Amino acid sequence: MKPAFDIDALRAIVTGNDLGSFTRAAIHLGRSQSAISMQLKKLEHQTGQQLFIRQGRGLVPTEAGETFVAYARQILALNDEAAFAMGTATTTASIRLGLPQDFFDDVMPATLTSFAKTHDTVHIDVRAGENHSIAEEVRAGRLDVAIAFFNCGSPETGDVLCKLPMRWLAHANIANQLELNPLPLVLFNHPCLFRQAALAMLEQKRQRWRAALTTPSLPGIWAALRSGLGVAVRTEHGKPKDITCADNALNLPRLPEIEVRLLCAPNISALAKDVAKTLRRETLARVW
């Protein structure tokens, strides 16, 4: 007889995997850690596989565990969707949405507002990850839907929505006053596509540079530019009014374009597909 997997147990291991800790999963789900451990042991007994192994102070999925978690996500999505459709859901359906910080002032609120008009009881978990991690989060099933930046022509997955030119940016009041040798750069933490493009072009032109400030935050970039610390590379989308393009003023090398792509995790629910459609529409309406 084939095993019947318990929905609560499946939810426990998916939550533990996503949070990186079954202790945090127990807190999140309002259960004891011993109860979560018993559910994990039961699933391992049913599958005949070790699903997680200890690494440091936490547990990480084995190869079999990664496969099982992927199936567990699909089962949970169908279970929650059916309960939602029948009006018997005891918890609110939740969709995990990821975006770079560049789109938080327009695309995100427009997407949430539009989606809520027809799905006002669905919970959206919005995450502003660093761009390089968004695609991996989608592949791992920790995000359902996302948009992210990619190098043009990159072989990675995703539906290209548009291409945007990268620009050298500086504060409007000091764009003509910055030193050029070496050029002070305001950079995102490594790895970053904008950072890589800037350094590659400066190296190609044999332009000396120095790192004036490094930050993981887009507001941190804008604050540094306002402080006159240097120039940064980004697209013009979402830039504050007091930040200007400094390409011509500083005679800096022309930068390449960058793609904005829509990403969807495999086997997402119908609700997540609706979020993806809304995100696509609102991105195309606001980003060019």
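Remember, predicted model here, so these are calculated numbers, not experimental data.

Participant: Quick question: what am I supposed to make of the overall build of the chain here?
Facilitator: A tally of helices and strands in the chain yields nine helices and 11 strands. On the principal axes, the C-alpha backbone points of the chain span a range of 75 × 45 × 35 Å. Of the contacts formed within the chain by residues at least 6 apart in sequence, a portion of 75% connects residues at least 24 apart. Each charge class in the chain can be summarised by its mean position, and for the 32 positive and 28 negative side chains these summaries are 2 Å apart.

Participant: Whenever I open this one, the pattern of salt bridges confuses me. Can you help?
Facilitator: Pairing between side chains becomes possible if they bear opposite charge and their charged atoms approach one another. In the structure shown here, the tally under the stated rule is 15 salt bridges. Its salt-bridge partner being Arg 73, residue Asp 18 comes within 2.5 Å of it at the nearest N-O pair. Of the two residues, Asp 18 sits in helix α1 (residues 7-19) while Arg 73 sits in helix α4 (residues 63-85), which places them 55 residues apart along the sequence. On the accessibility criterion, Asp 18 (24% relative accessible area) is partly exposed.

Participant: Would you mind going over the pairing of strand β4 (residues 123-127) with me for this structure?
Facilitator: Strand residues, when the strand is regular, have side chains that alternate between the two faces of the sheet. By the bridge criterion, five bridges tie strand β3 (residues 94-98) to β4 in an arrangement that is parallel. What sits directly across from Leu 97, in β4, is Val 126. For the crossover that starts at β3, traverses helix α5 (residues 107-116) and ends in the parallel β4, the hand is right-handed.

Participant: Help me understand the packing of α1 against helix α3 (residues 33-47) in this model?
Facilitator: In a packed pair of helices, the relevant descriptors are the angle between the two axes and the axis-to-axis distance. Packing of α1 against α3 brings their axes to within 9 Å, and their N-to-C directions diverge by 105°. Taken together, the axis directions place α1 and α3 in an arrangement best described as roughly perpendicular. Counting all contacts with α1, which are made through Asp 8, Ala 9, Leu 10, Ala 12 and Ile 13, the residues of α3 involved are Ile 36, Gln 39, Leu 40 and Leu 43. Among the residues forming the contact of α1 with α3, the class breakdown is seven nonpolar, one polar and one charged.

Participant: Explain the environment of Arg 286 here, please?
Facilitator: Within the secondary structure, Arg 286 is located in helix α9 (residues 270-286). Owing to a relative accessible area of 31%, Arg 286 belongs among the partly exposed residues under this scheme. Sequence separation of Arg 286 and Asp 6 is 280 residues, and the distance between their C-alpha atoms is 43 Å. Discounting residues that sit within four places of it in the chain, Arg 286 has contacts with Asp 106, Val 107, Ala 110 and His 237.

Participant: What is the right way to look at α1 in this model?
Facilitator: Side chains of residues three or four places apart in an α-helix project in the same direction, reflecting 3.6 residues per turn. Here α1 contains 13 residues, and its C-alpha end-to-end distance of 18 Å stays within 8% of the 18 Å for a straight helix at 1.5 Å per residue. Taken together, the buried positions of α1 are occupied by Ala 9, Leu 10, Ala 12, Ile 13, Val 14, Thr 15, Gly 16 and Asn 17. Next to the buried residues of α1 lie α2 (22-29), α3, β1 (52-55), β2 (58-61) and α4. Where α1 starts, the residue carrying a side-chain oxygen 3.1 Å from the main-chain nitrogen of Asp 8 turns out to be Asp 6. Residue Gly 20 follows α1 closely and has a positive phi angle near 75°.

Participant: Please explain the nonpolar core as it appears in this structure.
Facilitator: As a rule of thumb, soluble globular proteins bury nonpolar side chains together. Within the largest apolar cluster, 64 residues are counted, with the highest numbers of intra-cluster contacts made by Val 145, Ile 147 and Trp 168. Apart from the residues within four sequence positions on either side, Val 145 is in contact with Arg 96, Leu 97, Gly 98, Leu 262, Leu 263, Ile 268, Ala 272, Val 275, Ala 276 and Leu 279. Judged by nonpolar contacts, the second largest core, of 16 residues, contains Ala 9, Ala 12, Ile 36 and Phe 68.

Participant: Help me out: how do you make sense of the side chain of Thr 235 in this one?
Facilitator: Positionally, Thr 235 belongs in strand β9 (residues 232-235). From its side chain, Thr 235 meets the backbone nitrogen of His 237 in a polar contact 3.2 Å long. For Thr 235, the contacting residues outside a window of four places in its chain are Phe 149, Leu 164, Pro 165, Leu 169, Phe 194 and Ile 258.

Participant: What's the story with the pairing of strand β6 (residues 159-171) in this structure? I'm lost.
Facilitator: Relative to strand β11 (residues 257-264), β6 runs antiparallel, the two sharing six bridges. Note that in β11 the partner of Cys 162 across the bridge is Val 260. In terms of strand pairing, β6 meets β9 through four bridges, oriented antiparallel. Across the sheet, the residue bridging to Arg 167 is Arg 234, located in β9. Strand direction decides the pairing type here: β6 and strand β10 (residues 243-245), joined by three bridges, are antiparallel. From the neighbouring strand, Ala 170 faces β10, where its bridge partner is Thr 244.

Calculation rules
Numbering of residues starts from 1 in every chain and runs along the sequence as written. Residue-level local features of this predicted model are given only where pLDDT is at least 70; pairs of side-chain atoms are given and counted only at 80 or more, and the full residue set underlies all totals for whole chains, interfaces and linings. The side-chain numbers reported here are obtained from all heavy atoms of the structure, hydrogens and water having been left aside. Here a strand is any run of E in DSSP of at least two residues, a helix any run of H or I of at least four, and the numbering for each starts at the N terminus. Throughout, a contact is declared for two residues whenever any of their heavy atoms are within 4.5 Å. The convention is simple: Lys and Arg are positive, Asp and Glu are negative, and His and the chain ends are not counted. Charged side chains are reduced to one point each, which is NZ for Lys, CZ for Arg, CG for Asp and CD for Glu. Salt bridge, as used here, is a side-chain nitrogen of Lys or Arg placed within 4 Å of a carboxyl oxygen of Asp or Glu. Relative accessibility thresholds used throughout: buried, under 20% of the residue-type maximum; exposed, over 50%; partly exposed, between the two (1.4 Å probe, protein chains only). The pairing criterion for strands is at least two bridges between them, as found by DSSP. Convention used here: a crossover is right-handed provided that the path from the first strand, over the helix, to the second strand proceeds clockwise when the strands point away from the viewer. Angles shown run from 0 to 180 degrees and are taken between the N-to-C directions of axes, each axis being a line fitted to C-alpha atoms and, for helices, limited to the stretch in contact. Here is the rule for angles: anything less than 35 degrees is roughly parallel, anything more than 145 is roughly antiparallel, 65 through 115 is roughly perpendicular, and the remaining ranges are oblique. Note on residue classes: Ala, Val, Leu, Ile, Met, Phe, Trp, Tyr, Cys and Pro are nonpolar, Asp, Glu, Lys and Arg are charged, and everything else, Gly too, is polar. Working rule for helices: expected span equals 1.5 Å times residues minus one. Definition of a polar contact: a pair of N or O atoms within 3.5 Å, with one able to donate and the other able to accept a hydrogen when the atoms are protein atoms, and with sequence-neighbouring residues admitted only if both atoms are side-chain atoms. Think of a nonpolar core as a cluster: buried Ala, Val, Leu, Ile, Met, Phe, Trp, Tyr and Cys residues, connected wherever their side-chain atoms sit within 4.5 Å.

So yeah, pure geometry; function would need other evidence.
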